[in-house]
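# Coordinates in review
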Amino acid sequence: ASVLVLNGPNLGRLGSREPDVYGSQDLASLEKLLVAEADGRVEIDLRQTNDEAELIAWLYEAVDTGTPVILNPAAFTHYSYALRDAAALVTKAGVPLIEVHISNPHARETFRHTSVISGVASGVIAGFGFGSYRLALRGILDA
Ligand code: DQA
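The rules behind these values
- Residues numbered from 1 in each chain as written.
- Predicted model: local features only at pLDDT ≥ 70, side-chain atom pairs only at ≥ 80, totals over all residues.
- UniProt positions renumbered as here; feature names shortened; annotations may be inferred.
- Helix = DSSP H or I, 4+ residues; strand = E, 2+ residues; numbered from the N terminus.
- Buried ≥ 20, exposed ≤ 12 C-beta atoms within 10 Å, placed from the backbone.
- Contact = placed C-beta atoms within 7 Å.
- Pairing = 2+ DSSP bridges.
- Axes fitted to C-alpha atoms, helices over the stretch in contact; angles between N-to-C directions.
- Near = placed C-beta within 6 Å.
- Nonpolar A, V, L, I, M, F, W, Y, C, P; charged D, E, K, R; others polar.
- Expected span 1.5 Å × (residues − 1).
- Arc of directions from axis to C-beta.
- Parallel < 35°, antiparallel > 145°, perpendicular 65-115°, else oblique.

Per an unreviewed UniProt entry, the protein goes by the name 3-dehydroquinate dehydratase and belongs to Herbiconiux aconitum. The UniProt entry for the protein carries the following comment under Pathway (unreviewed entry): "Metabolic intermediate biosynthesis; chorismate biosynthesis; chorismate from D-erythrose 4-phosphate and phosphoenolpyruvate: step 3/7."

## Examining the UniProt feature "site: Transition state stabilizer" (unreviewed entry) in the protein
Following the UniProt record, the feature "site: Transition state stabilizer" (unreviewed entry) maps to Arg17 here. Note that arginine 17 resides in the loop between strand E1 (2–7) and helix H1 (19–22).

## Focus: the environment of valine 3
Among the secondary structure elements, valine 3 is positioned in strand E1. We classify valine 3 as buried; it has 24 C-beta atoms within 10 Å. Among all residues touching valine 3, those that are not within four sequence positions of it are Val42, Ile44, Asp45, Thr67, Pro68, Ile70, Leu137 and Ile140.

## What about the sheet that holds E1?
Strand pairing in a sheet takes place through backbone hydrogen bonds and is either antiparallel or parallel in direction. Strand order across the open sheet formed by five strands is E2-E1-E3-E4-E5, with parallel pairing between neighbours. Unpaired on one side and paired on the other, strand E2 (43–48) and strand E5 (123–126) mark the two borders of the sheet. Neighbour-to-neighbour, the strand axes of this sheet turn through a mean angle of 20 degrees, independent of strand direction. Along the sheet, helix H2 (residues 27–38) contacts E1 and E2; its crossing angle with E2, the most-contacted strand, is approximately 160 degrees. Strands in contact with helix H3 (residues 52–65) are E1, E2 and strand E3 (69–72); relative to E1, the strand with the most contacts, it is inclined by about 165 degrees.

## So, the site of the ligand
The local shell around the ligand consists of Asn10, Asn72, Ala74, Ala75, Thr77, His101, Ile102, Ser103, Pro105 and Arg112. Its residues placed into classes, the shell around the ligand shows four nonpolar, five polar and one charged.

## Some thoughts on helix H4 (residues 81–92)
Along its twelve residues, H4 runs 16 Å from first to last C-alpha, staying within 8% of the 16 Å computed at 1.5 Å per residue. For H4, the full list of buried residues reads Leu83, Ala86, Ala87 and Val90. One side of H4 carries all its buried residues, which in axial view fall inside an arc of 100 degrees. In H4, those exposed residues whose orientation departs by more than 90 degrees from the buried face are Tyr81 and Lys92. The first or second residue beyond H4 is glycine 94, which carries a positive phi of 85 degrees.

## Concerning the packing of H3 against H4
Interhelical geometry of H3 versus H4 gives an angle of 10 degrees and a closest axis separation of 8 Å. In terms of axis orientation, H3 runs roughly parallel to H4. Contacts between H3 and H4 involve Glu52, Leu55, Ile56, Leu59, Tyr60, Ala62 and Val63 from the former and Ala82, Leu83, Ala86, Ala87, Leu89 and Val90 from the latter. Looking at the contact of H3 with H4 residue by residue, the classes come out as twelve nonpolar, no polar and one charged.

Structural data, given as structure tokens:
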């Protein structure tokens, strides 16, 4: 069994991008943290793209394979109805999809206060740094 950990635009720059907001660790460190948390119970399949179409294709893959998803939609969170519709296909298929954010978007600019994804997610975790992903993985493993 595996868990898809999908990361949207600009998250490939973690480590150097706004370290005051997102910390100084990169995606490779995130992967290590999640592999340690999984402790052999599931494979961690971590991916990042700046491309909305690619992210949507990965969500179809989750539907077709029944693979649980941890999704950081990044800026798509706030406006991508296409991503929302694809996320809805996942949860409507009975496959868990947890929306995660490194920062707490509600404590930031107004445009970040809206998520078009949350309404179709199984759950939402934000504000715990990389710990948001770890908590999401725990939730999936506990379920
Ligand atoms: C983010 C929050 C979004 O508002 C932002 O566009 C990101 C990262 C987070 O993980 O805190 O790229 O999703």
